[in-house]
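Notes for the structure review
Letter by letter, the chains look like this.
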Amino acid sequence: GLRGYTQGSANIFKPAPAFGLFLSYFFDLRFALQFTFGTSNHSFHVTGDGNKDANGTVGMTQIAFDMKYYVNTQNVTKGLAKFNPYVITGFSLMDRTINVEGTNLGGKERGYAFDLGGGIEFPMMRNKMYFGGQVMYQLLNFKDKNTEIEFNGHVRTHSYANGDSYTLLAIIGANF
């Protein structure tokens, strides 16, 4: 899939491929608990006062616990009844690892996110496998969310790593 950002983070971090593993446990035909491990690696560029630039990478890793609710499609036409649309919401533990090119600067920090999204699944191979798509918006919360990025504590960049994250995913699954 693809992970991107909104607001100030969209000006700093470039969208990048995202991938991961999902495991869903179904309580019944409508409710499921989904465990997710996902990762993406983004490039970034920030310009400070005096034309000082910083380039590098930021890696995002998430562990999520989400609840899925599958919408009832029994009362729609026969062709559409095979599709399985759902809404999903939950929480993620986010790890952000920053590496600045040409320096020893960088580090790892932990944040949290509230997840909200939706998706659809299409059964294949007599319901043994499925193909699906999912859209997720994550309200990110890192301790420096509304803080200006500065170089060496004094060179201003006028850039803020505020904003949230979104993912667009294609999913191939197996039922067991």
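Residues numbered from 1 in each chain as written. Predicted model: local features only at pLDDT ≥ 70, side-chain atom pairs only at ≥ 80, totals over all residues. Heavy atoms only, no water.

What follows is about the nonpolar core. Burial of nonpolar side chains together is a common tendency in soluble globular proteins. In terms of nonpolar packing, the biggest core is built from 14 residues, with Phe13, Phe44, Met60, Met94 and Leu140 touching the most fellow members. Of all the elements in the fold, those that place two or more residues in this core are strand 3 (31–48), strand 4 (52–70) and strand 5 (84–100). The greatest single-element share of this core, amounting to 3 residues, is contributed by strand 4. Residues contacting Met94, with those up to four places away along its chain left out, are Arg3, Met60, Thr61, Gln62, Glu109, Arg110, Gly111, Tyr112, Ala113, Gln138, Leu140 and Phe142. Among the nonpolar cores identified, the runner-up in size contains 8 residues, and Tyr70, Ile88, Tyr130 and Ile171 belong to it. (Core = buried A, V, L, I, M, F, W, Y, C linked by side-chain atoms within 4.5 Å. Buried < 20%, exposed > 50% of the residue type's maximum accessible area, 1.4 Å probe, protein only. Helix = DSSP H or I, 4+ residues; strand = E, 2+ residues; numbered from the N terminus. Contact = heavy atoms within 4.5 Å.)

With that settled, consider the pattern of salt bridges. In the structure shown here, the tally under the stated rule is 4 salt bridges. In this structure, Asp95 and Arg110 form a salt bridge, with 2.8 Å as the shortest nitrogen-oxygen distance. Placement of Asp95 in strand 5 and of Arg110 in strand 6 (residues 106–124) is noted, with a sequence separation of 15 residues between them. With relative accessibility at 13%, the residue Asp95 sits in the buried group. (Salt bridge = Lys/Arg side-chain N within 4 Å of Asp/Glu carboxyl O.)

Such coordinate-based values are descriptive only and should not be taken to indicate function.
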